[in-house]
Amino acid sequence: MRYTKLGGDGPEVSIVCLGTMAWGEQNTEEEAWEQLDYALAHGVNFIDTAELYPVPPRPETCGRTEEMIGRWLQARGCRDKVVLASKVMGGSKDGRTFVPANRTVPPAADAPKPRLEPAQIFAAVAGSLRRLQTDYIDLLQLHWPDRWAPCFGKNQFRPEEHYDPVPFEEQVAAVGQLIKEGKVRHWGLSNETPFGVCKMCEAAAKLGVPPPVSIQNDFSLLDRRFEGHLAEACAPFNYNLGLLPYGPLAGGTLTDKYQSGGNAGPNARHVKFPGFQPRYHSERSLAAAAKYYELAQSKGLSLAQLALAWCKSRWYVASTIIGATTMEQLKEDIDAFENVDLDEQTLAAIDAIHLQIRNPNVMD
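Residues numbered from 1 in each chain as written. Predicted model: local features only at pLDDT ≥ 70, side-chain atom pairs only at ≥ 80, totals over all residues. Heavy atoms only, no water.

Peer 1: How do you make sense of the pairing of strand E3 (residues 16-19) when you look at a structure like this?
Peer 2: Along any regular strand the residues' side chains alternate between the sheet's two faces. Covered by surrounding structure in E3 are Val16 and Leu18 together with Cys17 and Gly19, the residues of both alternating faces. Relative to strand E10 (residues 320-322), E3 runs parallel, the two being bridged by three bridges. Its bridge partner being in E10, cysteine 17 is matched across the sheet by isoleucine 321. As paired strands, E3 and strand E4 (residues 46-48) are joined by three bridges and run parallel to one another. Bridging from a neighbouring strand, glycine 19 pairs with aspartate 48 of E4. Handedness of the crossover joining E3 and E4 through helix H1 (residues 29-41): right-handed. (Buried < 20%, exposed > 50% of the residue type's maximum accessible area, 1.4 Å probe, protein only. Helix = DSSP H or I, 4+ residues; strand = E, 2+ residues; numbered from the N terminus. Pairing = 2+ DSSP bridges. Right-handed = clockwise from strand over helix to strand, strands pointing away.)

Following this line, the structure appears as structure tokens:
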């Protein structure tokens, strides 16, 4: 396993990050522990979760994923061996108050709408620390902006959706306070835009807060938008944020199971939750996936191996977040980082397909 440092002064992490968002919905706790044990044994020291997991988010399960990880950490006694990342929910105009409610025991009856205001950031971290059974989070990420921004398959900025955000400096100051208190060691962004990256980093510089070290955005063969303006803003010689791609397999679309002769099965995300993350399984996404599948087959690879090895080949990617619902998937995913490297001919063929069907995950 290879390792890399996040940002200028961030933690050293494996180039594979174990994603957890299915645990408690598609995976049992026993299965989650099996994945954690296997990943740690194979050199994966980086775990990513969030206060609202598992997904799809709902009141009955909110926080369950962090609780599973917390029990595993206590049982294995390995807190010092992992880099633990979590996320505080971003701003929302229209609900999901069950997430702020779940930050306390018992859940608050009059929880506010989620916003990235200091009091809510502090409460979110307190809730995550309790569920994770730890006294610090290695990497705290702001799950999405506290303003309307094009993410989750949206590409166009729509001024009519604008609402007044919590000021950037207030968000950064809150994170800085948590770092001073030792509850958070590093911080990062998620689902952010070039505008947001610049504003957050400039606010950190003004306030004397350590800058963010990472950015977790949607990124895959089916959504390569990061490689433009965001790659410039996050480059080591600019703001120096390492990309942590999520959705590198587009929720399973970039695997063999949806191709000819494949068997997705009833627990596959796009089968079990057909209305969740439709961008990953659109008609254009499926058409592009079929082309990448043909290329993978011609190279003696599975589609998942091709997709993950491509992420590994990008200079701006620090660690790729993988998610699995079976051990077979997890083993295949980790193997792609340990044993698969794409040659120039294959990379050129990928670019050629991209030019035919550019960023099919984009829905507008």
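Peer 1: Explain the side chain of serine 319 here, please?
Peer 2: Residue position: serine 319 is located in the loop between helix H10 (303-313) and E10. Assessed through its relative accessible area of 0%, serine 319 is described here as buried. Looking at serine 319, its side chain comes within polar contact range of the main-chain oxygen of serine 14, at 2.7 Å. In terms of polar contacts, serine 319 uses its side chain to reach the backbone amide nitrogen of cysteine 17, at 3.3 Å. In this structure, serine 319 is in contact with Val13, Ser14, Ile15, Val16, Cys17, Phe46, Leu243, Leu244 and Pro245, ignoring residues within four places of it in sequence. (Polar contact = N/O pair within 3.5 Å; in protein donor to acceptor, adjacent residues only side chain to side chain. Contact = heavy atoms within 4.5 Å.)

Peer 1: Help me understand unusual backbone geometry in this model?
Peer 2: Across the chain, the bulk of peptide bonds are trans and the bulk of non-glycine residues have phi less than zero. Residue proline 54 is reached from tyrosine 53 by a cis peptide bond, and omega for that bond is 10°. Looking at the element boundaries, proline 54 is found in the loop between E4 and helix H2 (64-76). Going from valine 55 to proline 56, the amide bond is cis rather than trans, its omega being -10°. Despite not being glycine, glutamine 133 has its phi angle at roughly 55°, a positive value. When you line up the elements, glutamine 133 lands in the loop between helix H4 (118-132) and strand E6 (137-142). For asparagine 191, which is not glycine, the phi dihedral falls at a positive 55°. For asparagine 191, the position within the fold is in the loop between strand E7 (184-190) and helix H6 (194-207).

Peer 1: Just to check I follow, could you spell out H1 for this structure?
Peer 2: Side chains of residues three or four places apart in an α-helix project in the same direction, reflecting 3.6 residues per turn. In this model H1 runs 18 Å from its N-terminal to its C-terminal C-alpha over 13 residues, within 8% of the 18 Å that 1.5 Å per residue would give. Taken residue by residue, H1 has Ala32, Gln35, Leu36, Tyr38 and Ala39 as its buried positions. Turning to H1, the residues buried within the fold contact E3, E4, H2 and helix H11 (327-339). Glycine 43 sits one or two residues past H1 and shows a positive phi near 90°. (Expected span 1.5 Å × (residues − 1).)

Peer 1: Is there a simple way to explain helix H5 (residues 168-180) in this structure?
Peer 2: With 13 residues, H5 ought to run about 18 Å at 1.5 Å a step, and its terminal C-alpha atoms sit 18 Å apart, in line with that. Those residues of H5 not exposed but buried are Phe168, Gln171, Val172, Ala174, Val175, Gly176, Leu178 and Ile179. Tucked inside the fold, the buried residues of H5 contact H4, E6, E7 and H6.

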